[in-house]
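Coordinate analysis (summary)
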Amino acid sequence: MAFRLAPGRPPAVAAETMVATSQPLATRAGLRALERGGNAADAALAAAAVCCVAEPMSTGVGGDAFALVWDGERAHGLDAAGPAPRNAEPLAPVEQRGPRSVTVPGAVAGWAALAARFGRLELSTVLEDAVAAAEDGFAVGPVTAEAWTMPPRPKPGRRMRLPELGATLRRIGAEGPAALYRGETARAIASCTWLEEADLAAYEPRWVEPLTFDYRGVTVCELPPPTQGVAALEGLGLLALGEPTLPAQVESARLAREDALRHVRDGADVSGLLAEGYLEERRARPALPVTEPPGGTIYLCAVDGDGMAVSFIQSLFEGFGSRVVAPGTGVVLQNRGACFAIGGAVEPGRRPYHTIIPGMLLRGGRLLGPFGVMGGLLQAQAHLQLVSALVDDGLDPQGALDRPRFRVDGATVRLEEGLWERAGELEAAGLEAVRSEERSEFGGGQAILVDDDVVVGGSDARKEGYAAGF
């Protein structure tokens, strides 16, 4: 691996373990879990729970989650996304916000499943730091403050307390997922949404087989539908057919994005999109402009000294999700149902298209490292750019994350500062390039790579977290 200093921040380096998140308190919580004898699964869960407190516009107890886990020998996929109500109207208008945009929140059931299968610590122990942050208060960072669009809107540096959420997290630690999916909290959720208590009580997360694709000697792992993981893999497959130039990356991302929006549905078989013959044929057909909804998410990853790695992503979808809070619980509910608009109608009892995707890299059947980039439908495009930076250009994780990004957006390609001077390359290829000054459009990610006997990590400078280990 080639190492270089990224502008303003070098990669983090540690001997055995590492945690990388978008929030300083979350990274600290993950490291504390490891110091208490926990493993990468415990660290990821501790960090995710703290993010629910410290970054409440992006993630929460009322959201969904996905994970990839490397257990030292193979990768496992966790799908903790919930469906629409079983009694929903199939032809109902697809609402962007409000009570009818809420699907069953899967994150907490996913936490319990990950802890039961791979964790070492009790769930109550794992959630201690999140409970403390919610009840005792935390300082709001500048990036978080900018994204905090609901009252009371804090200024950077303000200390915030979320006591109702702290109490809910404390109950989840003591009672497990039943604290959310049954009883008082379930009744509160049902009282303010179109979900019924039976929808919540019936929910179970799923363990799924990851999708994989070999990109220039590195195996890239993603999750199957309802996530858009196949879009990242198809994009890399298309990119592998030629040189990884900027126009080639953009066109590969555009083609894969169009295919994902057309084919990714709950339970769909998308393996044909990765077939060699299809990739060659798809490369010859132009992409058509498509529109996408925005989104808000947190991503984090952890590696421990025993060779386990967890790539974890959790989301409310848009900022503060549905904008519905279950009374008396502090639980902000996601608006993932808005993504049924991609298929045209709500599907009762099924899951919508999911933008959030964790990633994992392997080399020669061994762990290379977890990675991910948050940011709505940008994520598959950003996975392509990040993997190419790591594999094609040999950048360290911090350098790869800090590299300027593009974002395919309808008929245009939005360019982050740092790519502005390359707009001509895209215009020469027949694309419309837009120079964007909005840093938030380009997401934020984390990555950790195992390099011989050390771990090397990075945390996106567009967010306010960091990577650290020991």
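Residues numbered from 1 in each chain as written. Predicted model: local features only at pLDDT ≥ 70, side-chain atom pairs only at ≥ 80, totals over all residues. Heavy atoms only, no water.

This paragraph deals with the packing of helix H5 (residues 128-136) against helix H7 (residues 163-175). Axis separation between H5 and H7 bottoms out at 7 Å; the angle between their running directions is 155°. It follows that H5 is roughly antiparallel to H7 by the angle criterion. The handedness of the crossing between H5 and H7 comes out as left-handed. Along the contact surface, H5 presents Ala130, Val131, Ala134 and Glu135, while H7 presents Pro163, Gly166, Ala167, Leu169 and Arg170. (Axes fitted to C-alpha atoms, helices over the stretch in contact; angles between N-to-C directions. Helix = DSSP H or I, 4+ residues; strand = E, 2+ residues; numbered from the N terminus. Parallel < 35°, antiparallel > 145°, perpendicular 65-115°, else oblique. Left-handed = near helix turned anticlockwise from the far one by under 90°. Contact = heavy atoms within 4.5 Å.)

The residue Ala115 is located in helix H3 (residues 107-118) in this model. Accessibility expressed as a relative area gives 14% for Ala115, which makes it buried. With 252 residues separating them in the primary sequence, Ala115 and Leu367 have C-alpha atoms 21 Å apart. (Buried < 20%, exposed > 50% of the residue type's maximum accessible area, 1.4 Å probe, protein only.)

On to the pattern of salt bridges, then. Tallied over the entire structure, the rule returns 26 salt bridges. The shortest N-O distance in the salt bridge between Arg422 and Glu425 comes to 2.8 Å. A residue is classified by how much of its surface remains accessible, and Glu425, at 35% relative accessible area, is partly exposed. Between Arg462 and Asp460 there is a salt bridge, and its shortest N-O distance comes to 2.7 Å. Asp460 carries the same exposure label as Arg462, and that label is buried. One salt-bridge network, held together by shared partners, links Arg28, Arg32, Arg36, Glu128 and Asp129. (Salt bridge = Lys/Arg side-chain N within 4 Å of Asp/Glu carboxyl O.)

Bringing the environment of Arg187 into the picture now. Residue position: Arg187 is located in helix H9 (residues 183-192). Spatially, the C-alpha atom of Arg187 lies 8.9 Å from that of Ala326, the residues being 139 residues apart in sequence.

Here H5 has its buried residues at Asp129, Ala130, Val131, Ala133 and Ala134. The inward-facing, buried residues of H5 contact helix H1 (24-35), helix H2 (40-54), strand E5 (138-139), strand E6 (159-160) and H7. Downstream of H5 by one or two residues, Gly137 has phi in the positive range, about 105°.

Any functional reading would require information beyond the geometric quantities listed.
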